[in-house]
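# Working through the structure, step by step
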Amino acid sequence: MFNTSLKQLSTQLAEKKISSIELTTEFLKRIKQSNPEYNAFVTVNEDISLAQAKAADQMIAAGNAQPLTGIPIAQKDIFCAKGWLTTCGSKMLANFVSPYDAGVIERFNQAGAVNIGKTNMDEFAMGSSNETSYYGIVKNPWDTAAVPGGSSGGAACAVAARLAPAATGTDTGGSIRQPAALCGISGIKPTYGLVSRYGMIAFASSLDQGGPMAKSAEDLALLLNVMVGFDPRDSTSLQREAEDYARDLEKPLAGLRIGLPKEYFAEGMSSDVARAIEAALNEYRKLGAQTVDVSLPNASLSIPVYYVLAPAEASSNLSRFDGVRYGHRAASYTDLADMYRKSRAQGFGAEVKRRILIGTYVLSHGYYDAYYLKAQKLRRLIAQDFAQAYEQCDVIMGPTTPTVAFNLGEKSGDPIQMYLSDIYTSAANLTGMPAMSIPIGFGDKNRPIGLHIIGNYFKEAQMLNVAHQYQQVTDWHLRSPV
Ligand code: GLN
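### Describing the overall build of the protein
A count of helices and strands for the protein gives 15 helices and eleven strands. For 482 residues, the compact-globule estimate of 2.2 N^0.38 gives 23 Å, and the protein sits close to it at 21 Å. When its C-alpha atoms are laid out on the principal axes, the protein stretches across 70 × 55 × 45 Å. Buried residues in the protein amount to 60% of all 482 residues. If you take every contact in the protein between residues at least 6 apart in sequence, the share linking residues at least 24 apart comes to 76%. Surface accessibility of the protein: about 17,700 Å² in total, with carbon and sulfur atoms responsible for 52%. On the protein, the mean spot of the 45 positive side-chain charges and the mean spot of the 46 negative ones are 3 Å from each other.

### Points about unusual backbone geometry
Omega for the peptide link from glycine 150 to serine 151 comes to 5°, which places this bond in the cis form. Note on placement: serine 151 falls in the loop between β3 (114–119) and α5 (153–160). Phi is positive for lysine 445, which is not a glycine, with a value near 55°. Examined against the element boundaries, lysine 445 turns out to sit in the loop between β10 (435–442) and β11 (448–455).

### Regarding the pattern of salt bridges
In this structure the tally under the stated criterion is 23 salt bridges. Among the ionic pairs, arginine 247 bridges to aspartate 248, the shortest N-O distance being 3.8 Å. In this structure arginine 247 comes out as partly exposed when scored by relative accessible area, which is 46%. Measuring nitrogen to oxygen at the nearest pair gives 3.1 Å for the salt bridge that ties arginine 479 to aspartate 475. With a relative accessible area of 33%, arginine 479 lands in the partly exposed category. For aspartate 475, a relative accessible area of 36% puts it in the partly exposed group.

### Quick word on the pairing of β10
Looking along a regular strand, one sees side chains alternate from face to face of the sheet. In terms of residue burial, β10 counts as a mostly covered element, since seven of its eight residues are buried. Across three bridges, strand β5 (residues 186–189) lies against β10 in antiparallel orientation. Bridge assignment links lysine 189 to a residue of β10, and that residue is alanine 435. Bridge analysis of β10 against β11 gives seven bridges, and the strand direction is antiparallel. Note on β11: the bridge partner recorded for methionine 436 is isoleucine 453.

### A short note on helix α7 (residues 217–227)
Of all eleven residues making up α7, ten are buried, and the element is well covered by its neighbours. Considered for burial, the residues of α7 that qualify are Ala217, Glu218, Asp219, Leu220, Ala221, Leu222, Leu223, Leu224, Val226 and Met227.

### Details of the site of the ligand
For the ligand, the set of nearby residues contains 15 residues, the closest of which are Gly173, Ser175, Tyr306, Arg355 and Asp422. Here a nitrogen atom of the ligand and a side-chain polar atom of serine 128 are 2.8 Å apart. Compared with its free state, where it exposes 290 Å², the ligand has 100% of that area covered by protein. Taken together, the residues of the shell around the ligand break down into five nonpolar, seven polar and three charged.

### Some thoughts on the environment of phenylalanine 79
With respect to the helices and strands, phenylalanine 79 occurs in the loop between β2 (72–76) and α4 (103–110). Discounting residues that sit within four places of it in the chain, phenylalanine 79 has contacts with Thr86, Ala102, Val104, Ile105, Lys118, Thr168, Gly169, Thr170, Gly199, Met200 and Gly210.

### Re the side chain of glutamate 123
By the element assignment, glutamate 123 lies in the loop between β3 and α5. The buried charged residue glutamate 123 lacks any salt bridge partner; its closest oppositely charged side chain belongs to lysine 353, at an N-O distance of 8.2 Å. Within the local environment of glutamate 123, its side chain forms a polar contact with the side chain of serine 90, the two groups lying 2.7 Å apart. The residues contacting glutamate 123, other than those within four sequence positions of it, are Cys88, Gly89, Ser90, Lys91, Thr132, Ser133, Gly347, Phe348, Gly349 and Val352.

### Here's the deal with the state of the cysteines
Enumeration according to the criterion identifies zero disulfides in this entry. Of all cysteine sulfurs, the one in cysteine 80 lies closest to cysteine 88, which takes part in no disulfide; the gap is 8.3 Å. Free of any disulfide, cysteine 183 has its nearest neighbouring cysteine sulfur in cysteine 157, separated by 6.0 Å. Relative accessible area serves as the criterion here: at 0%, cysteine 183 is assigned to the buried category.

### Looking at the environment of arginine 30
With respect to the helices, strands and loops of the structure, arginine 30 is situated in helix α2 (residues 20–38). Remark: the alpha-carbon pair of arginine 30 and alanine 161, spanning 131 residues in sequence, is separated by 9.6 Å. Each residue touching arginine 30, except ones within four places of it in the same chain, is listed here: Phe2, Asn35, Ala161, Arg162, Leu163 and Val482.

### Quick notes on the packing of helix α9 (residues 302–317) against helix α12 (residues 369–389)
Packing of α9 against α12 brings their axes to within 9 Å, and their N-to-C directions diverge by 125°. By the angle between their axes, α9 is oblique relative to α12. Judged by the sense of rotation from one axis to the other, the crossing of α9 with α12 is left-handed. Side by side, α9 and α12 meet where Ser302, Val305, Val308, Leu309, Ala312 and Glu313 of the first sit next to Tyr371, Tyr372, Ala375, Gln376, Leu378, Arg379 and Ile382 of the second. Here the contact of α9 with α12 is composed, by residue class, of nine nonpolar, two polar and two charged.

### Regarding the nonpolar core
In terms of nonpolar packing, the biggest core is built from 141 residues, with Phe124, Tyr284, Phe386, Met397, Ile453 and Leu464 touching the most fellow members. If you tally residues by element for this core, the top one is α9, at nine residues.

### Digging into the side chain of aspartate 385
Mapped onto the fold, aspartate 385 is located in helix α12. Lacking a salt bridge, the buried aspartate 385 has lysine 262 as its closest oppositely charged neighbour, with an N-O distance of 10.0 Å.

Conventions we followed
- Residues numbered from 1 in each chain as written.
- Predicted model: local features only at pLDDT ≥ 70, side-chain atom pairs only at ≥ 80, totals over all residues.
- Heavy atoms only, no water.
- Helix = DSSP H or I, 4+ residues; strand = E, 2+ residues; numbered from the N terminus.
- Rg over C-alpha atoms; globule rule 2.2 N^0.38 Å.
- Buried < 20%, exposed > 50% of the residue type's maximum accessible area, 1.4 Å probe, protein only.
- Contact = heavy atoms within 4.5 Å.
- Areas by Shrake-Rupley, 256 points an atom, 1.4 Å probe, with all protein chains shown as cover.
- Lys, Arg positive; Asp, Glu negative; His and termini not counted.
- Charge placed at Lys NZ, Arg CZ, Asp CG, Glu CD.
- Salt bridge = Lys/Arg side-chain N within 4 Å of Asp/Glu carboxyl O.
- Pairing = 2+ DSSP bridges.
- Near = heavy atom within 4 Å.
- Polar contact = N/O pair within 3.5 Å; in protein donor to acceptor, adjacent residues only side chain to side chain.
- Nonpolar A, V, L, I, M, F, W, Y, C, P; charged D, E, K, R; others polar.
- Disulfide = S-S within 2.5 Å.
- Axes fitted to C-alpha atoms, helices over the stretch in contact; angles between N-to-C directions.
- Parallel < 35°, antiparallel > 145°, perpendicular 65-115°, else oblique.
- Left-handed = near helix turned anticlockwise from the far one by under 90°.
- Core = buried A, V, L, I, M, F, W, Y, C linked by side-chain atoms within 4.5 Å.

Below is the structure:
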């Protein structure tokens, strides 16, 4: 049952071979056993999970089941869920029990899915290794000396270690794709605006996008079918006709044009990753795809642009945590200003403070034009590069990360090195394009490697088709460390 696809689980539930109560109980047991080692979950609430499972069994008995009814899903602790502690990996929210559901949580609830627990993450989603969480590091289940990636490291670990059949993540600069790659699972960041940001604690609002993390592309399609949809409470939510993201999974790939940006295949990529990418591209050629060389001349600016814009937006978004309305408040203070200062100094960790300082600086009078405005202009140039590349190809491929998972502690003292882990992923957030990662093998120390697939706007169904066809002829996505 732990290696079973969502579709198979759904069939077993529908045929009453297993009940949601049984399924949920098994996963809760597994979490109890393994979570002390991995620290993938911050909160488990058996009472709520089992009550949802019971309700799901009733939906199934009444003939009202939808594809995900009764299936346990791990929710990143950035999504507000009613009655659940929702910490966003921060001490600031250590006491915050959400009084309402995020748009994404609402959609899973309506689908009859079971919330199996809240997953650990980098504090306020800032990080690439899950080492900035106030609730402790998460370990990579393939090698517990390695990071799981971040910021959705708990989610990636939970799916890889089979503590949940699937999970949600959020991706501001790579936080779904990078941990998916480092933990050997599949994950997709949809086109900006498709998944509601309502109740998803804001990091950098013009870049943040929720998405699913699972074993396979087929599972991702079923999850996207639930997660995507217009939400009037999110001002950048897109109003579009509903699509079935699984509709094209079985299409043959003959004639597919895969763009290979020469900048992504230059220096920077380690040799084990390069070998795995080449092998994956050969599989695609065997499937009838052709590769074409493309160029993204401004792509190398993605990291500096991202690290101006994301902190700028974060510094504004995080100003709401002031110790007044909710979250941490200092126990003693002299006056209001002192209360703000002390509450924020105590509630935020070092990386979050660094981002607030950078963000406030680049937005300040006198530096705004030099940094923030310049970064916005470059953001447009990067988007133009992609638009031009898509005149020659259907999808773009490359590595998700330059290396396999690094060791715990290896980069935590060096923010610049840490920031460089997003070198291939952040462009998709700057442009708003959909992008995904799928497992394609193992490299140094037998740690997983991910293939990055970037698509044009709203091409999720095509990208899932491209990923699924590869997963029909390979079995990397079926390998598990446990
Ligand atoms: N690693 C990047 C950062 O630290 C991206 C994080 C994310 O996508 N949430 O900002």
